[in-house]
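# Architecture at a glance
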Amino acid sequence: MKALQYLLLLSFFGIYLAVIVELPPRGDVNSPMHQTVNKVGTPIAGTYFIQNAYVDAKTPNMVTVILADYRGFDTLGETIVVFAGGIACFFILNSRRRKP
């Protein structure tokens, strides 16, 4: 059984290395990440966020602008879901202690 686990681990590691080799070099101007127009000819939404993050929110940290300003309600919803899951786990784990 251990041999099968090691074989599976090595195969995943091989796939991981094959994907890494195919990635464009860091800072490559021809990579899809740096294109401002997609193949259809319409602008990419991420380009707007990158170019206007400081102008819209006057905050130098782009990640903070995207999470707090552009995706504020979405982030609030995710926080509520995680909080509700934590409370549910708390009550489920505490229910065994209350029974006499």
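The structure presented is a predicted model; accordingly, all values stated were derived computationally and were not measured.

Analysis parameters
The numbers attached to residues start from 1 for each chain and follow its sequence in the written order. Note on the predicted model: pLDDT of at least 70 is required for a residue's local features to be given, and 80 or more for side-chain atom pairs to be given and counted; whole-chain, interface and lining totals, by contrast, use all residues. Heavy atoms throughout the structure, all of them, feed into the side-chain values; hydrogens and water do not. Runs of E in the DSSP output that reach at least two residues are strands. Runs of H or I that reach at least four are helices, and both are numbered from the N terminus. When a residue's accessible area, from a 1.4 Å probe over protein chains only, is under 20% of the maximum for its type it is buried; when over 50% it is exposed; and in between it is partly exposed. Any two residues whose heavy atoms approach within 4.5 Å at even a single point are treated as in contact. Here, Shrake-Rupley sampling with a 1.4 Å probe gives the accessible areas, and only protein chains in the shown set may cover a residue. The convention is simple: Lys and Arg are positive, Asp and Glu are negative, and His and the chain ends are not counted. Note on charges: their place is set at NZ of Lys, CZ of Arg, CG of Asp or CD of Glu. The span expected for a helix works out to 1.5 Å for each residue beyond the first.

Attention shifts here to the overall build of the protein. Per the secondary structure count, the protein includes four helices and zero strands. Along the protein, helices and strands appear, N-terminal first, in the series α-α-α-α. If you line up the protein on its principal axes, its C-alpha atoms span 65 × 50 × 25 Å. Per-residue burial over the protein gives 5% buried out of 100 residues. Contacts in the protein between residues at least 24 apart in sequence constitute 0% of all its contacts with a sequence separation of at least 6. When the accessible area of the protein is evaluated, it comes to approximately 9100 Å², of which 70% is carbon and sulfur surface. Charge separation in the protein, taken as the distance between the mean sites of 9 positive and 6 negative side-chain charges, equals 20 Å.

Time to look at helix α1 (residues 2–22). With 21 residues, α1 should reach 30 Å at 1.5 Å per residue; the first-to-last C-alpha distance of 31 Å fits that figure. Of all 21 residues that make up α1, zero are buried, and the element is exposed over most of its length.

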